[in-house]
Structures are given as C-alpha cells and as structure tokens.
Amino acid sequence: MTPELTVLCLAALLQAVQFTLMAIPANIELGVGKTLSPRDTSRMGKPMVEQVSDKTGRLIRAMNNHFEALILFTIAVVVITLGDKGTGFSAVCAWVYLAARILYIPAYYFGLAPWRSLIWFVGFLSTMLMILSAVI
C-alpha cells in the first residue's frame, strides 16, 4: 500500500475517533431520546449543536470539518494513486495533513485562536500541494 493510501486509512480511522469523541458527551448532555431520534426541528426545538455545551459543540464542528477536509484529501490520494504520481513529497504532504487533522481536534476543543485556523490551513495546503504535484 502506498504511503498516501495508508494515511487515507488512518484519516478515516481518525474520523471514527472524532465521532466517538463527539457522541459520548452529546449523548450525556442531550440524552438518547434526542440523539436516537430523527432530529426533526419539531422534536429538537433547535439544532443539536445549539443544545450542547460549547466544548461539545466544538467537537461536533471539528468532526464535520474533518468530513469536509477528508473529501479533498481523498481526491488528492485517488489522483496521486491512480495517476501513479506518488513521490516522497506527496507522502510527506499526506502525513502533514494527518498530523494537522490530529492537532486540529484539541486546538478547536480548547478554542486556541488563531492556532486552530493555522493548523486547518496547514492541512488544507498539504492537500492542495498533493493535487498540484500530481498535475505538474
């Protein structure tokens, strides 16, 4: 397996970890009556993220942010892999992406501004550099 595919697998596992980090406090704070429901506005009153504590809300937003970032990273890995464009540079970019996504969780949870945004940018830049390296 290529380094980029290995990192993609680890990033998917990180997503599962983030889901768990979010789900446990959300279930404690809201109760399973709400979290197992279809989450209709009539039942919930307002979105789930607005009903939890600030830190649990941050975990929800961090998880959703990783879903968004994972889409672009997956595209980068697919292009690198199927285009047979893997290099040491693309492998380093992939590992930097994963490190940034790991650091992003506590940075967001603890509200570390501007570090959270800078960490996010490092992951985004790594992904874009992977894609650019594949087309150059």
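Residues numbered from 1 in each chain as written. Predicted model: local features only at pLDDT ≥ 70, side-chain atom pairs only at ≥ 80, totals over all residues. Heavy atoms only, no water.

Visitor: Lay out the side chain of Gln15 in plain terms, naming residues and giving numbers.
Guide: With respect to the secondary-structure elements, Gln15 resides in helix H1 (residues 3-30). When its relative accessible area of 6% is taken as the criterion, Gln15 is described as buried. In contact with Gln15, other than residues within four places in its own chain, are Met63, His66, Phe67 and Leu70. (Helix = DSSP H or I, 4+ residues; strand = E, 2+ residues; numbered from the N terminus. Buried < 20%, exposed > 50% of the residue type's maximum accessible area, 1.4 Å probe, protein only. Contact = heavy atoms within 4.5 Å.)

Visitor: Residue-level account of the state of the cysteines, with values.
Guide: Under the defined criterion, the tally for this structure stands at 0 disulfides. The thiol of Cys9 is not disulfide-bonded; the next cysteine sulfur, from Cys93, is found 18 Å away. A residue is classified by how much of its surface remains accessible, and Cys9, at 40% relative accessible area, is partly exposed. (Disulfide = S-S within 2.5 Å.)

Visitor: So what's going on with helix H5 (residues 88-109)? Residues and values would help.
Guide: Taking 1.5 Å per residue as the helical rise, H5 with its 22 residues ought to reach 32 Å, and the 32 Å between its terminal C-alpha atoms agrees with that figure. Listed in full, the buried residues belonging to H5 are Ser90, Ala91, Cys93, Ala94, Tyr97, Leu98, Ala100, Arg101, Tyr104, Ile105, Ala107 and Tyr108. Looking at the packing, one finds that the buried side of H5 touches H1, helix H4 (54-82) and helix H6 (115-135). The backbone nitrogen of Phe89 has a side-chain oxygen 3.2 Å away, supplied by the residue at the start of H5, namely Thr87. Looking one or two residues past H5, Gly111 carries a phi angle of roughly 65 degrees, positive in sign. (Expected span 1.5 Å × (residues − 1). Polar contact = N/O pair within 3.5 Å; in protein donor to acceptor, adjacent residues only side chain to side chain.)

Visitor: Just give me the short version of unusual backbone geometry, but keep the residues and values in it.
Guide: Phi is mostly negative for residues that are not glycine, and the peptide bonds are mostly trans. Omega for the bond connecting Ala113 with Pro114 falls within 30 degrees of zero, at 5 degrees, which places this linkage in the cis form. Structurally, Pro114 can be placed in the loop between H5 and H6. Even without glycine at this site, Asp84 takes up a positive phi of about 50 degrees. With respect to the element layout, Asp84 can be found in the loop between H4 and H5. Its relative accessible area of 70% is what places Asp84 among the exposed residues.

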